[in-house]
Amino acid sequence: QQKVQQSPESLTVSEGAMASLNCTFSDRSSDNFRWYRQHSGKGLEVLVSIFSDGEKEEGSFTAHLNRASLHVFLHIREPQPSDSALYLCAVSMENNNAPRFGAGTKLSVKP
Amino acid sequence: DPKIIQKPKYLVAVTGSEKILICEQYLGHNAMYWYRQSAKKPLEFMFSYSYQKLMDNQTASSRFQPQSSKKNHLDLQITALKPDDSATYFCASSQDPGREQYFGPGTRLTVL
């Protein structure tokens, strides 16, 4: 059974400072990785998807995948207070059914 | 216009009662899912359907029964409700299993 863990549990950064979030997974066969954002009381919005080792950039969000070390990172460049939210990592295999989610990192961006 | 509709947005029920959570997607997707999120637990996968057939079930209790009357509908029937069932229930869909998921706004269920 796939296990997805995220760290840190919470993170506070100043506006404009880089924020880095970590996600580890247990199944080396995984090949679909996505980062989602959830503002308080809202649904999930997809930020970036990555399917092979290396980096993938979408706006101010960059995902970095290293399957050998079972890690996928999310870097947020110049975060704004509006980026304060819960960030969720989702891991799956393309032929598998549903992604499994980590518990999330709660990001707070201070002005 | 919202592409994934969940009804109702808020729902209050008494212990022992039965409720149905509605989900409709207008994205033309073939796969649909239910997830649950509470203060005690992170986002938890419950069910997945593809072309109206059950693909995966990670919910131990038979009190939770998905119902798919149409390809773009996946409702969730919950019977014999318990206070521990209180959570926000999210419906999601994807073009096919394993592809990028899109989430609905959720139904927040409170069981008294």
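As the structure is a computational prediction, the values presented were derived from the model and not from experiment.

1. Regarding empty space enclosed by the protein
A probe matching the size of a water molecule, rolled over the atoms, marks out where space remains unfilled. All names here are of chain B. This model, assessed by the stated rule, comprises one cavity of 30 Å³ or more. The space that makes up the largest cavity amounts to roughly 40 Å³. What lines the largest cavity is simply Asn-30, Ala-31, Met-32, Tyr-49, Ser-50, Tyr-51, Gln-52, Ser-68, Lys-71, His-73 and Leu-74. Mapped by element, the contributors of at least two residues to the lining of the largest cavity are strand S4 (31-37) and strand S5 (44-50). Here the residues of the lining of the largest cavity sort into five nonpolar, five polar and one charged.

2. Some words on the sheet that holds strand S8 (residues 75-78) of chain B
All names here are of chain B. Strands sit in the order S1-S3-S8-S7 across an open sheet of four strands; the sheet is antiparallel. Looking at strand neighbours, the two that pair on one side only are strand S1 (4-7) and strand S7 (64-67), the edges of this open sheet. Each strand of the sheet is rotated relative to its neighbour by a mean of 15°, with strand direction disregarded. Pairing of S7 with S8, which is carried by four bridges, proceeds in the antiparallel orientation. Its bridge partner being in S8, Gln-67 is matched across the sheet by Asp-75.

3. A word on the confidence of the model for chain A
For residues with low pLDDT, the predicted coordinates do not support detailed interpretation. When the pLDDT values of chain A are averaged, the result is 93; 96% of them are 70 or greater. Put simply, strand S10 (residues 100-101) of chain A is where chain A has its lowest mean pLDDT, 90, and strand S8 (residues 71-76) of chain A is where it has its highest, 98.

4. Focus: the sheet that holds strand S6 (residues 54-58) of chain A
Across a sheet, strands are paired by hydrogen bonds formed along the backbone, either parallel or antiparallel in direction. All names here are of chain A. Pairing in this open sheet of five strands is antiparallel, and the strands run S1-S3-S8-S7-S6 from one edge to the other. Whereas interior strands pair on both sides, the edge strands pair on one side only; in this sheet they are strand S1 (4-7) and S6. The average angle at which neighbouring strand axes cross in this sheet is 20°, direction not considered. Bridge analysis of strand S3 (residues 19-25) against S8 gives six bridges, and the strand direction is antiparallel. Counted as the bridge partner of Asn-22 is Phe-73 from S8.

5. Section: the interface of chain A and chain B
At the junction of the two partners, chain A supplies 23 residues and chain B supplies 19 residues. Taking both sides of the interface into account, the surface hidden between chain A and chain B amounts to around 1600 Å²; carbon and sulfur atoms contribute 50%. Taken together, the connections running from chain A to chain B amount to one salt bridge. Between A:Arg100 and B:Asp56 there is a salt bridge, and its shortest N-O distance comes to 3.3 Å. Inspection of the chain A/chain B interface yields five residue pairs in polar contact (both at pLDDT 80 or more). No other element matches the four residues that strand S4 (residues 32-38) of chain A contributes to the side of chain A that touches chain B.

6. Concerning the pairing of strand S6 (residues 53-57) of chain B
Residue and element names in this part refer to chain B. Pairing between S5 and S6: four bridges, direction antiparallel. Following the sheet pairing, Ser-50 is matched in S6 by Lys-53. Connecting S5 to the antiparallel partner S6 that follows it, the hairpin turn spans two residues, and Tyr-51 within it adopts a positive phi of roughly 50°.

7. Structural notes on the nonpolar core
Within the largest apolar cluster, 24 residues are counted, with the highest numbers of intra-cluster contacts made by A:Trp35, A:Val72, A:Leu74, A:Ile76 and A:Tyr87. Mapped onto this core, the elements with two or more residues apiece are S3, S4, strand S5 (44-50), strand S7 (61-66), S8, strand S9 (85-92) and strand S11 (105-110) of chain A. Discounting residues that sit within four places of it in the chain, A:Ile76 has contacts with A:Ala17, A:Met18, A:Ala19, A:Leu21, A:Ser60, A:Phe61, A:Tyr87 and A:Leu107. Residues B:Leu11, B:Leu81, B:Cys91 and B:Val111 belong to the second largest nonpolar core, which totals 20 residues.

Parameters at a glance
Throughout this document, residue positions are counted from 1 along each chain, in the order its sequence is written. The naming scheme follows written order: chains are lettered A onward, ligands numbered 1 onward. Reporting in this predicted model follows two pLDDT cut-offs: at least 70 for local features of residues, and 80 or more for side-chain atom pairs to be given and counted; totals over whole chains, interfaces and linings ignore these cut-offs and use all residues. The basis for every side-chain value is the complete set of heavy atoms in the structure, and neither hydrogens nor water enter the calculation. Space inside and on the surface of the protein is sampled on a 1 Å grid over the protein atoms alone, with a cavity defined as a set of points where a 1.4 Å probe fits but cannot get out and a pocket as an open set with protein on both sides within 12 Å along at least 5 of 7 lines; lining residues have an atom within 4 Å of a point. Grid points are joined across faces, edges and corners, and a volume is the space filled by probe spheres set on the points. Secondary structure follows DSSP: runs of H or I at least 4 residues long count as helices, runs of E at least 2 residues long count as strands, and numbering of each begins at the N terminus. All residues other than Ala, Val, Leu, Ile, Met, Phe, Trp, Tyr, Cys, Pro, Asp, Glu, Lys and Arg, Gly among them, are scored as polar; the first ten of these are nonpolar and the last four charged. DSSP calls a pair of strands paired once it identifies at least 2 bridges connecting them. Throughout, an axis means a line fitted to C-alpha atoms (over the contacting stretch in the case of helices), and angles, computed between N-to-C directions, take values from 0 to 180 degrees. As a per-residue quantity, pLDDT reports the predictor's confidence and falls between 0 and 100. Two residues form a contact once any of their heavy atoms are found within 4.5 Å. Two parts lose some accessible area (1.4 Å probe) when they are put together, and adding that loss for both gives the buried area. The salt bridge criterion pairs a side-chain nitrogen of Lys or Arg with a carboxyl oxygen of Asp or Glu, the two atoms within 4 Å. Under the rule applied, a polar contact is a pair of N or O atoms within 3.5 Å (in protein, one hydrogen donor and one hydrogen acceptor; residues adjacent in sequence only if both atoms are side-chain atoms). Residue types Ala, Val, Leu, Ile, Met, Phe, Trp, Tyr and Cys, when buried and joined through side-chain atoms within 4.5 Å, form a set referred to as a nonpolar core. Exposed residues in this analysis have more than 50% of their type's maximum accessible area, buried residues have under 20%, and partly exposed residues fall in between, with area computed by a 1.4 Å probe over protein chains only.

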